[in-house]
Amino acid sequence: NGEVSELFESIFFKDGLSENCLALLFFNASFNNDLLGYFNHNIFFPAFFGGRIAIKKDEIIACINDLKQSEDSVKEWSDSTIDVVARKYLALLEKFYLLEGGRNKTIRHKYIDDNQLILFLYWLIKIESKSNLLESKWLPYCFLDNETFIKQVLQKKYMKYINVVYTGDSMILKTLISYKDIYNELTKS
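Cut-offs and rules
- Residues numbered from 1 in each chain as written.
- Predicted model: local features only at pLDDT ≥ 70, side-chain atom pairs only at ≥ 80, totals over all residues.
- Heavy atoms only, no water.
- Salt bridge = Lys/Arg side-chain N within 4 Å of Asp/Glu carboxyl O.
- Buried < 20%, exposed > 50% of the residue type's maximum accessible area, 1.4 Å probe, protein only.
- Helix = DSSP H or I, 4+ residues; strand = E, 2+ residues; numbered from the N terminus.
- Expected span 1.5 Å × (residues − 1).
- Contact = heavy atoms within 4.5 Å.
- Patch = residues over 30% accessible without salt bridge, like charges linked within 9 Å, V, L, I, M, F, W, Y side chains within 5 Å.
- Areas by Shrake-Rupley, 256 points an atom, 1.4 Å probe, with all protein chains shown as cover.
- Pairing = 2+ DSSP bridges.
- Polar contact = N/O pair within 3.5 Å; in protein donor to acceptor, adjacent residues only side chain to side chain.
- Lys, Arg positive; Asp, Glu negative; His and termini not counted.

Trainee: When you look at the pattern of salt bridges in this model, what are you seeing that I'm missing?
Mentor: Think of it this way: side chains of opposite charge can pair up when their charged atoms draw near. This structure, assessed with the given rule, holds nine salt bridges. Where Glu 59 meets Arg 52, a salt bridge forms, and the shortest distance between an N and an O atom there is 2.7 Å. Judged by its relative accessible area of 33%, Arg 52 falls in the partly exposed class. Between Asp 83 and Arg 87 there is a salt bridge, with the nearest N and O atoms lying 3.1 Å from each other. Of this pair, Asp 83 and Arg 87 both sit in helix α6 (residues 79–95), four residues apart, roughly one helical turn. Among the ionic contacts, a cluster of salt bridges with common partners joins Lys 57, Asp 83 and Arg 87.

See below:
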């Protein structure tokens, strides 16, 4: 998407591979790669929201073995391929600053700041096909439970960036600043 690309470029050119840039890369990589999105929804986010401390390679291997039962493209994977994919997934989460540690990877229970929430909302508005964002499968990517997400988005300080229509069970958002300019607007001092 052109507007998401403009958003990414504005972050990258201003801050390089900052935490905001890596967060947007994580969102986009998950959206564009079905396997990464599958792992995040079935391994990372259940562990994150369940309050767990760590993710082990064996969990990913078990997830891949379950996936082998239903996905033709995975059925032919050897044990060594599965092992490499499991290790690479953990390494990728570490590169996105979602895990830390050496052999035993622990979950970084990150706090999403105001700028990251606005960037997430702009990304979500562009990639989500459902008009009611509360039904989006991408909500876990803001690292907030649904109730906290709603409370955060409804705060007055965000109204200069987004227009919100909330009815209790439905939330529709519209951007108020262009994707090209939002990051500069968020980070001006």
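Now that the structure has been shown, the text picks up again.
Trainee: For this particular structure, what's the right way to read unusual backbone geometry?
Mentor: Of note in this structure, Tyr 97 is not a glycine but carries a positive phi near 60°. Despite not being glycine, Phe 143 has its phi angle at roughly 65°, a positive value. Residue position: Phe 143 is located in the loop between α7 (114–127) and α8 (146–153).

Trainee: How should helix α4 (residues 57–68) be read in this particular structure?
Mentor: A turn of α-helix holds 3.6 residues, and therefore any two residues three or four places apart point the same way. Over its twelve residues, α4 runs 17 Å from end to end, which matches the ideal 16 Å to within 8%, given 1.5 Å per residue. Residues of α4 that are buried sit in contact with α3 (34–49), α5 (72–75) and α6.

Trainee: Could you clarify how one ought to interpret a nonpolar patch on the surface in this entry?
Mentor: Together, Phe 12, Phe 13 and Leu 17 make up an exposed nonpolar region whose accessible area comes to about 350 Å². A relative accessible area of 54% means that Leu 17 is categorised as exposed.

Trainee: What's the story with the pairing of strand β3 (residues 162–166) in this structure? I'm lost.
Mentor: Moving residue by residue along a regular strand, the side chains alternate between the two faces of the sheet. Relative to strand β4 (residues 171–175), β3 runs antiparallel, the two sharing five bridges. Within β4, the position partnered with Ile 162 by the bridge is Thr 175. Between β3 and the antiparallel strand that follows it, β4, lie four residues; Gly 168 among them carries a positive phi value of about 105°.

Trainee: So what exactly am I meant to see when it comes to the side chain of Asn 132 here?
Mentor: Summarising the element assignment, Asn 132 is placed in the loop between α7 and α8. A polar contact is formed between the side chain of Asn 132 and the backbone nitrogen of Leu 134, at a distance of 3.0 Å. Separated by 2.9 Å, the side chain of Asn 132 and the backbone nitrogen of Met 171 make a polar contact. Beyond its immediate stretch of four places on either side in the chain, Asn 132 contacts Asp 169, Ser 170 and Met 171.

Trainee: Honestly, the side chain of Glu 128 in this entry has me stumped. Any pointers?
Mentor: Mapped onto the elements, Glu 128 comes out in the loop between α7 and α8. Put simply, Glu 128 is tucked away with no salt bridge, and the nearest opposite charge, on Lys 130, sits 5.3 Å away. One polar contact links the side chain of Glu 128 to the main-chain amide nitrogen of Lys 130, over a distance of 3.0 Å. A polar atom in the side chain of Glu 128 sits 2.5 Å from the side chain of Ser 136. Apart from residues lying up to four places away in sequence, Glu 128 is in contact with Leu 133, Ser 136, Lys 137 and Trp 138.

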